[in-house]
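Single-letter residue listing:
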Amino acid sequence: MDTKRIRLTVNGKDYEREVESRVNLVDFIRHDLGLTGSHVGCEHGVCGACTVLVDGISMRGCLMFAAQADGARIETVEGLAVDGKLNTLQESFWDLHGLQCGYCTPGVLMSLTEMLREDLSPSEQKVREVLSGHLCRCTGYQNIVAAALEAAKRLRESGAKA
Amino acid sequence: MKPAPFTYHSPSSVSEAVQLLTELENARVLAGGQSLVPMLNFRLASPDHLVDLGKIADLRGIREQGDEVVFGAMTRQRDIEFSSLITAKLPLMAEAVLQLGHRQTRNRGTIGGSLCHLDPSAELPTICMAMDAQLEVISPSGSRTIAMAEFAQGMMTTALAETEILTAIRIRPWTGRYGHAFIEFARRHGDFAIASAAILLDVDGNGGITRAVVALGGVGPVPLRVSAAEACLIGAKAGSEAFAAAAAECGKIDALEDPTYPAWYRQHLAKTLSGRALKLAHERAVAQAH
Ligand code: FES
Ligand code: FES
């Protein structure tokens, strides 16, 4: 069995692990690190449930191997809340009913986090473009779009960072 | 975890990578992995070794060299999307890259990976065909340059030998006032396109077409140039008559047939999309001239 020793940070915490080469990043995060917030849907890049930020950039956790994340800075949904308190984006989802079953939500939140760090005044078109990489089988997307736009508005008003 | 077991290699230089490919049996090159990893997960591919080019800094980046734009093969699609150089010099590619997969896959997928995977409907190979890209490849016995038209040999089959690696892509931008358009049709935004059309059109002061490129993706087994359509355009007066004639030629291509989309449907799309793209490219060419 081919393994690699990797070091990486996940939500600001350092980890060092020996990992089998064929284990993808999201399985590593869930099974080896016990962070089960990131979900696994299709395992071939279509659904977006596994989306995490790698060095600040959204990527499919099922389409890269943990071995490739050696040295990387990973962010997952567990990193969003601050001291157990939902952040602005999460709160907007709560308030505007941006989720139903919640399966797609961890991935959606990470892609929107990336977007909001770049642009606090996204058009609806831009939000939809970002969301096109995520399948949601419950909401019909309307409330996700509304929650994303609301989060942008609240962040603009409060001057906080995404 | 779904792939069959493999040994993972992460060389730090091109020569080391080429060496590994020469020594190892049943090895595959891993670029951005946005096509290969799904194939591994489905076990449509089960190499014994993966040679990841991700750590080779030399293979990444976009630069101008003389009158060409040169892409390192491991340049991410995201780097193209956010490049002001590409927006200015290669607007056709800039337009196409936004329709390529999703933000989250462009963030990792590479231009070289897309070319080597050579899906018939992939955007970047279609653009490389439209722009007569030159591809630099290297092997233990040296390097060579392959024109895109020769690189694309058949359905998902390139001219690369097993020990060769694509290192760079060179494209000479058109200059002066010309129009471009890339239009694709997919059932959902970001899905694989069923068909696409890429057009470049140079129109002189009298409305005569001096240069024209008509390229189609997803219609044949590889992206292709429609020389019969280009012949209808060059020397003709830009307008609906010439565009209809060119689009009609696109509709006559011997098209792919699969259980979802019959050949006649792809031919219909080829005609419709090329007609729309010609009109749009012409409008842009005219707008440039004023
Ligand atoms: S599980 Fe990764 S995209 Fe579906
Ligand atoms: S909330 Fe159920 S899949 Fe999106």
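Residues numbered from 1 in each chain as written. Chains lettered and ligands numbered in written order. Predicted model: local features only at pLDDT ≥ 70, side-chain atom pairs only at ≥ 80, totals over all residues. Heavy atoms only, no water.

1. As for the overall build of chain B
Convention followed: Runs of H or I in DSSP of at least four residues are treated as helices and runs of E of at least two as strands, each being numbered from the N terminus. All radius of gyration figures rest on C-alpha atoms, and the globule criterion is 2.2 Å times the number of residues raised to 0.38. When a residue's accessible area, from a 1.4 Å probe over protein chains only, is under 20% of the maximum for its type it is buried; when over 50% it is exposed; and in between it is partly exposed. Here the accessible surface of atoms and residues is derived via Shrake-Rupley with a 1.4 Å probe, and residues count as covered only by protein chains that are part of the display. A positive count includes Lys and Arg, and a negative count includes Asp and Glu. His and the chain ends are not counted in either. We put the charge of a Lys on NZ, of an Arg on CZ, of an Asp on CG and of a Glu on CD.
Along chain B, the regular secondary structure elements total twelve helices and 14 strands. The C-alpha atoms of chain B give 19 Å as radius of gyration, which agrees with the globular expectation for 290 residues (19 Å, within 12%). With respect to the three principal axes, the spread of C-alpha positions in chain B is 60 × 45 × 35 Å. In chain B, buried positions account for 59% of the 290 residues. Per element, the accessible surface of chain B, about 12,200 Å² overall, is 51% carbon and sulfur. Computed over 27 positive and 30 negative side-chain charges, the inter-centroid distance for chain B is 7 Å.

2. A closer look at the interface of chain B and chain A
Applicable threshold: Whether two residues are in contact is decided by their heavy atoms, any of which lying within 4.5 Å being enough. A side-chain nitrogen of Lys or Arg and a carboxyl oxygen of Asp or Glu constitute a salt bridge if their distance falls within 4 Å. Whenever a nitrogen or oxygen atom comes within 3.5 Å of another N or O atom, the pair is scored as a polar contact, on the condition that within protein one atom can donate a hydrogen and the other can accept it, and that pairs from neighbouring residues in sequence are kept only if both atoms are in side chains. Just so you know the grouping, Ala, Val, Leu, Ile, Met, Phe, Trp, Tyr, Cys and Pro go in nonpolar, Asp, Glu, Lys and Arg go in charged, and all remaining residues, Gly too, go in polar.
Every contact between the two is made by 31 residues of chain B and, on the other side, 31 residues of chain A. In this assembly, chain B and chain A are joined by four salt bridges. There are 13 residue pairs in polar contact (both at pLDDT 80 or more) connecting chain B and chain A. Elements represented by at least two residues in the side of chain B that touches chain A include exactly β1 (7–9), α2 (36–41), β3 (49–52) and α6 (103–106) of chain B. When grouped by side-chain class, the residues that make up the side of chain B that touches chain A number 13 nonpolar, ten polar and eight charged.

3. Notes on helix α11 (residues 240–250) of chain B
What counts, and what does not: Read the arc as the range of directions from the helix axis to the C-beta atoms.
Listed in full, the buried residues belonging to α11(B) are Ala242(B), Phe243(B), Ala246(B), Ala247(B) and Cys250(B). All buried residues of α11(B) lie within an arc of 130° about the axis, which places them on one face of the element.

4. Observations regarding the sheet that holds β1(B)
All names here are of chain B. Which entries qualify depends on this criterion: By the convention used here, strands pair only if DSSP detects at least 2 bridges between them. Fitted lines through C-alpha atoms serve as axes, helices being fitted only where they are in contact, and the angles separating the N-to-C directions of these axes extend from 0 to 180 degrees.
An order of β1-β3-β2 is seen for the three strands of this open sheet, with the pairing classed as parallel. Looking at strand neighbours, the two that pair on one side only are β1 and β2 (27–30), the edges of this open sheet. Neighbour-to-neighbour, the strand axes of this sheet turn through a mean angle of 25°, independent of strand direction. When β1 meets β3, the two strands line up parallel, connected through three bridges. Paired with His9 across the strands is Val51, a residue of β3. Against the sheet, helix α1 (residues 14–23) makes contact with β1, β2 and β3, and its axis sits at roughly 165° relative to β3, the strand it touches most.

5. Considerations on the domain arrangement of chain B
All names here are of chain B. The criterion, for reference: Boundary definitions for the domains trace back to an automatic or database domain assignment. A simple way to read buried area is as the amount of 1.4 Å-probe accessible surface that goes missing from two parts once joined, with both sides added.
As far as domains go, chain B holds domain 1 (7–49), domain 2 (60–171) and domain 3 (178–288). Using C-alpha coordinates to define each centre, domain 1 is positioned 19 Å away from domain 2. If you look at the interface, domain 1 gives eleven residues, while domain 2 gives 17 residues. Between domain 1 and domain 2 lies a buried interface of about 990 Å² when both sides are counted; carbon and sulfur atoms form 76% of it. On the surface where domain 1 and domain 2 come into contact, there are zero salt bridges. Viewed at the interface, domain 2 and domain 1 are joined by zero residue pairs in polar contact (both at pLDDT 80 or more). Here the residues of the side of domain 1 that touches domain 2 sort into seven nonpolar, four polar and no charged.

6. Some remarks on the layout of surface pockets
Here is the rule we go by: For each structure, a 1 Å grid was placed over the protein atoms alone; sets of points admitting a 1.4 Å probe that cannot get out are labelled cavities, open sets with protein on both sides within 12 Å along at least five of seven lines are labelled pockets, and lining residues have an atom within 4 Å of a point. Grid points are joined across faces, edges and corners, and a volume is the space filled by probe spheres set on the points.
Empty space within the second largest pocket amounts to approximately 440 Å³. Residue lining of the second largest pocket: 23 residues in total, with Gln68(A), Gly54(B), Arg60(B), Arg76(B) and Arg108(B) positioned closest to the centre. Each residue belonging to the lining of the second largest pocket can be placed in one class, and the counts come to eleven nonpolar, four polar and eight charged.

7. Here's the deal with helix α12 (residues 263–289) of chain B
How we decide: A helix's residues, less one, multiplied by 1.5 Å, set its expected span.
Over its 27 residues, α12(B) runs 39 Å from end to end, which matches the ideal 39 Å to within 8%, given 1.5 Å per residue. Each element contacted by the buried residues of α12(B) is listed here: β11 (178–185), β12 (195–203), β13 (209–217), α10 (227–233) and α11 of chain B.

8. What about the pairing of β2(B)?
Residues and elements named next belong to chain B. Cut-off, in case you're wondering: Whether a crossover is right-handed depends on one test, that the path from the first strand over the helix to the second runs clockwise when the strands point away from the viewer.
Pairing of β2 with β3 involves four bridges; the strand directions are parallel. The residue bridging Ala27 from the neighbouring strand is His49, located in β3. In this fold, the crossover linking β2 to β3 by way of α2 has right-handed handedness.

9. Overview of the domain arrangement of chain A
One frequent convention defines the size of an interface as the accessible area lost when the parts assemble. All names here are of chain A. Segmentation of chain A into domains returns domain 1 (3–79) and domain 2 (88–158). Taking only C-alpha atoms, the centre of domain 1 and the centre of domain 2 are 22 Å apart. Counting residues at the interface gives 19 residues for domain 1, matched by 14 residues for domain 2. Buried area between domain 1 and domain 2, both sides added, is near 1,200 Å², and the carbon and sulfur share of it is 55%. Between the two partners, domain 1 and domain 2, sit one salt bridge. In this structure, Glu75 engages Arg117 in a salt bridge whose closest nitrogen and oxygen atoms are separated by 2.6 Å. On the surface where domain 1 and domain 2 come into contact, there are seven residue pairs in polar contact (both at pLDDT 80 or more). For the side of domain 1 that touches domain 2, the elements supplying multiple residues, two or more each, are β3 (51–54) and β4 (57–60).

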